[in-house]
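Residues per chain are reported as follows:
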Amino acid sequence: MEFRIDRTAFAEAVGRSVRALPARTPVPVLGGLLLEADAGRLAVTGFDFEAAVRVEAEAEIAVPGRVLVLGRRLLDVCRVLPDGPVSCALEASRFTVEADGTRFGLSTLPLAEYPALPAAPTPYGTVDAAAFATAVAQVAVAAGRDDTLPLLTGVQLRLDGGEMTLSASDRYRYAVRRLEWKPGAAADGVVEALLPSRRLLDVARALGRCGDVVIGWDPAGGGGLIGFEGGPSRTALRLLDGRLPAYKSLFDMAGAAAAEVECEGLAEAVRRVAVVAEANSPVRMEFSADGSVLLRAGYGDDVAVQRLPATLSGADEMPVAFNPAYLLDALTSFESPRVRLELLGAGQRALLLGVPDPGAGTAGAGTHRHLLMSVKQLV
């Protein structure tokens, strides 16, 4: 095996693929990146049974071949290589990397012990890459972080006709985002898949500038995998078992009071007053019909307050309180300049929706919704 490749392209392929590797593994070969050189292309693949990431780059192939190299060690080498062409070769059991007089020798891992890679799922349709990346980021903030409850660490993806719905919940909040997608010829019926949120977020960010993302799915089962392909990168993610609880009844806010406030200003005020709050202490918000909301945080002598303009309808006043971190996650997930809060009262559900610019009409209204549980005790 011998090839020559641009340093930037090589580093990008290695950097993207290495994200699929496990942080720790009892199986040494899973810490390796598979490099395959053939027909003017270098393919770099990382795999850990939960995800497979394959990135291709143009290269001058002198001798085609395959090699398995420790991924993070190779990434460290790529980071310090000088700009320009990079020459790589397999010499017996050593993989050499050379650029502008700098030469590295790396040990290789046994190819025979490397597991078989999953087949790429059948192309099922496409979605705008930038819109997909934004949507995934908006809902992923609501996914759980506790790996002992894997179901709640996922983002649920639903494909139904020309609409894609992404949703996530950790029991205390529930985010839902709808967007358009283009079903392909193979698309038939409704698809529901629960995917690990951190993996999906990595994929969406990496593909965010690829124009369109091709979603792969095999209607017959697909081996529990869903694929995402854009530009030179292709990723397959293994599905989580189960599905998130239904949210339709949770999002029914009949009888709620409604408040509107400038989104960025409210987020900044929450950050400011929460400085004096103890861990897990809420930020209290008192909406009133006089056109303002008063934010309070802290207890005793350590307190902070700030008043902001806000409108309230459906009630003369509405006191609520939220975990400041959860509230900030929700507020910063919206792209609209204003946010609408539908409020049932202290200790009950609160629904946040973006309010579009007046000149934009109703386009995009309601496509992103974020449900929060307010704190019961208001002191």
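Residues numbered from 1 in each chain as written. Predicted model: local features only at pLDDT ≥ 70, side-chain atom pairs only at ≥ 80, totals over all residues. Heavy atoms only, no water.

- As annotated in an unreviewed UniProt entry, the protein chain is DNA polymerase-3 subunit beta from Streptomyces violarus.
- Quoted verbatim from the Sequence similarities (unreviewed entry) heading of the UniProt record, the comment on the protein chain is "Belongs to the beta sliding clamp family."
- Recorded in UniProt under Subcellular location (unreviewed entry), the annotation for the protein chain is "Cytoplasm". (UniProt positions renumbered as here; feature names shortened; annotations may be inferred.)

**As for helix H6 (residues 324-332)**
Inference 1: Every buried residue of H6 is listed here: Pro324, Leu327, Leu328, Ala330 and Leu331. Projected down its long axis, H6 carries its buried residues within an arc of 160°, all on one side.
Inference 2: Packing partners of the buried residues in H6 comprise helix H5 (263-273), strand S20 (283-288), strand S24 (317-322), strand S25 (338-343), strand S26 (349-355) and strand S27 (368-373).
Inference 3: For H6, the N-terminal capping position is held by Asn323, with its side-chain oxygen 2.8 Å away from the main-chain nitrogen of Ala325. (Buried < 20%, exposed > 50% of the residue type's maximum accessible area, 1.4 Å probe, protein only. Helix = DSSP H or I, 4+ residues; strand = E, 2+ residues; numbered from the N terminus. Arc of directions from axis to C-beta. Contact = heavy atoms within 4.5 Å. Polar contact = N/O pair within 3.5 Å; in protein donor to acceptor, adjacent residues only side chain to side chain.)

**A look at the packing of aromatic side chains**
Inference 1: Using the criterion set out here, one finds nine aromatic pairs in the structure.
Inference 2: Measuring from centroid to centroid gives 5.1 Å for Phe47 and Phe49, while their planes differ by 55°, and the two rings are tilted.
Inference 3: Among the aromatic residues, those joined into a ring-pair cluster are Phe3, Phe10 and Phe95.
Inference 4: Cation over ring: Arg173 sits above Tyr326, and NZ or CZ is 4.0 Å from the ring centre. (Phe/Tyr/Trp six-rings, centres within 6.5 Å; stacked < 30°, edge-to-face > 60°. Lys NZ or Arg CZ within 6 Å of the ring centre and 35° of its normal.)

**Things to note about the sheet that holds strand S3 (residues 41-47)**
Inference 1: Taken together, nine strands build an open sheet; the order of strands is S6-S2-S3-S4-S18-S17-S16-S10-S14 and the sheet is antiparallel. Each having just a single partner strand, strand S6 (65-70) and strand S14 (182-183) make up the two edges of the open sheet.
Inference 2: Note that strand S2 (residues 32-38) and S6 share six bridges and pair antiparallel. What sits directly across from Glu36, in S6, is Arg66.
Inference 3: The sheet strands contacting helix H3 (residues 129-140) are strand S10 (123-128), strand S16 (212-216) and strand S17 (225-230), and the helix crosses S10 at an angle near 85°. (Pairing = 2+ DSSP bridges. Axes fitted to C-alpha atoms, helices over the stretch in contact; angles between N-to-C directions.)

**Some remarks on the pairing of strand S8 (residues 94-99)**
Inference 1: Sheet topology note: the strand S7 (residues 85-91)/S8 ladder contains five bridges and is antiparallel. Bridging across to S8, Glu91 finds its partner in Arg94.
Inference 2: Between S7 and the antiparallel strand that follows it, S8, lie two residues; Ala92 among them carries a positive phi value of about 60°.
Inference 3: By the bridge criterion, six bridges tie S8 to strand S9 (residues 102-107) in an arrangement that is antiparallel. Each bridged residue has a counterpart across the sheet, and for Thr96 the counterpart in S9 is Gly105.
Inference 4: Counted between consecutive antiparallel strands, the loop separating S8 from S9 contains two residues, among which Asp100 sits at a positive phi close to 50°.

**Section: the layout of surface pockets**
Inference 1: Approximately 350 Å³ is the volume attributed to the largest pocket.
Inference 2: Taken together, Arg19, Glu50, Gly144, Asp147, Pro150, Thr153, Pro196, Ser197, Arg198, Arg199, Asp202 and Leu240 make up the full set of residues lining the largest pocket.
Inference 3: Ranked by residues supplied to the lining of the largest pocket, first place goes to helix H4 (residues 197-206) with four residues.
Inference 4: Looking at side-chain class alone, the lining of the largest pocket contains three nonpolar, three polar and six charged residues. (1 Å grid on protein atoms, 1.4 Å probe; cavity = no way out; pocket = protein on both sides within 12 Å on 5 of 7 lines; lining within 4 Å. Points joined across faces, edges and corners; volume = space filled by probe spheres on them. Nonpolar A, V, L, I, M, F, W, Y, C, P; charged D, E, K, R; others polar.)

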